[in-house]
Amino acid sequence: EAGVTQFPSHSVIEKGQTVTLRCDPISGHDNLYWYRRVMGKEIKFLLHFVKESKQDESGMPNNRFLAERTGGTYSTLKVQPAELEDSGVYFCASNLAGSDTQYFGPGTRLTVL
Amino acid sequence: GESVGLHLPTLSVQEGDNSIINCAYSNSASDYFIWYKQESGKGPQFIIDIRSNMDKRQGQRVTVLLNKTVKHLSLQIAATQPGDSAVYFCAEGRSGTYKYIFGTGTRLKVLA
């Protein structure tokens, strides 16, 4: 069974540009999560989808970040416009409804110059 | 690698010795705890978990101990191997909330 996949693995953009990250969860997983680790800090929760609905977006840093999960399958996380402090690694995770264990993807390393 | 710029505590262990990685968690209401292993260029991989109604849980070569009194979690790795070299994260969660709170991580280096 394929694990959580993320695309791209790396992205380098200039301040002010837009970047869209994609996450494909494990097939059948209704729960999808976004986390990120910015330089020097711990991994922090951004938001949680149940199918296509945002269940908890308390970790989203500001309105430059927009997450979507149309159709309840894959998810995108758009940063517009990107700022220097957005640099870091963005992780996606998924799990089945009712399960506590989250399975993580390899992450997307975002560098904003 | 992904951890450039991230100053992690490091544990160096001789191959074949046992490793103990410690973690202090923050929320006394947390009732689910997980250890993840992250190798360079990869995402966190699940190792073992424990619920708050247990003090100890064993897996293959790994044991997790939970001390709720002092909010402390530890991961013991028996007979540490070179393939165990990685960054280890603890995470805490609470039933019904789904989001994890991660610790800062510990880098384990296995010396040949």
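This text follows the structure it describes.
1. Observations concerning the overall build of chain A
The helix and strand tally for chain A stands at 0 helices and 11 strands. Ordered by position from the N terminus, the helices and strands of chain A form the series β-β-β-β-β-β-β-β-β-β-β. Compactness check: chain A gives a C-alpha radius of gyration of 13 Å against a globular reference of 13 Å for 113 residues, within 12% of the reference. In terms of principal-axis extent, the alpha carbons of chain A reach across some 40 × 25 × 25 Å. Sorting the 113 residues of chain A into buried and exposed places 49% on the buried side. Sequence-distant contacts in chain A: of pairs separated by 6 or more residues, those separated by 24 or more amount to 52%. If you sum the accessible surface of chain A, you get close to 5,300 Å²; carbon and sulfur atoms cover 49% of it.

2. Here's the deal with the side chain of Ser11(A)
Examined against the element boundaries, Ser11(A) turns out to sit in strand S2 (residues 10–13). Once residues lying within four places of it in the same chain are set aside, the contact partners of Ser11(A) are Val19(A), Arg109(A), Leu110(A) and Thr111(A).

The rules behind each value
- Residues numbered from 1 in each chain as written.
- Chains lettered and ligands numbered in written order.
- Predicted model: local features only at pLDDT ≥ 70, side-chain atom pairs only at ≥ 80, totals over all residues.
- Heavy atoms only, no water.
- Helix = DSSP H or I, 4+ residues; strand = E, 2+ residues; numbered from the N terminus.
- Rg over C-alpha atoms; globule rule 2.2 N^0.38 Å.
- Buried < 20%, exposed > 50% of the residue type's maximum accessible area, 1.4 Å probe, protein only.
- Contact = heavy atoms within 4.5 Å.
- Areas by Shrake-Rupley, 256 points an atom, 1.4 Å probe, with all protein chains shown as cover.

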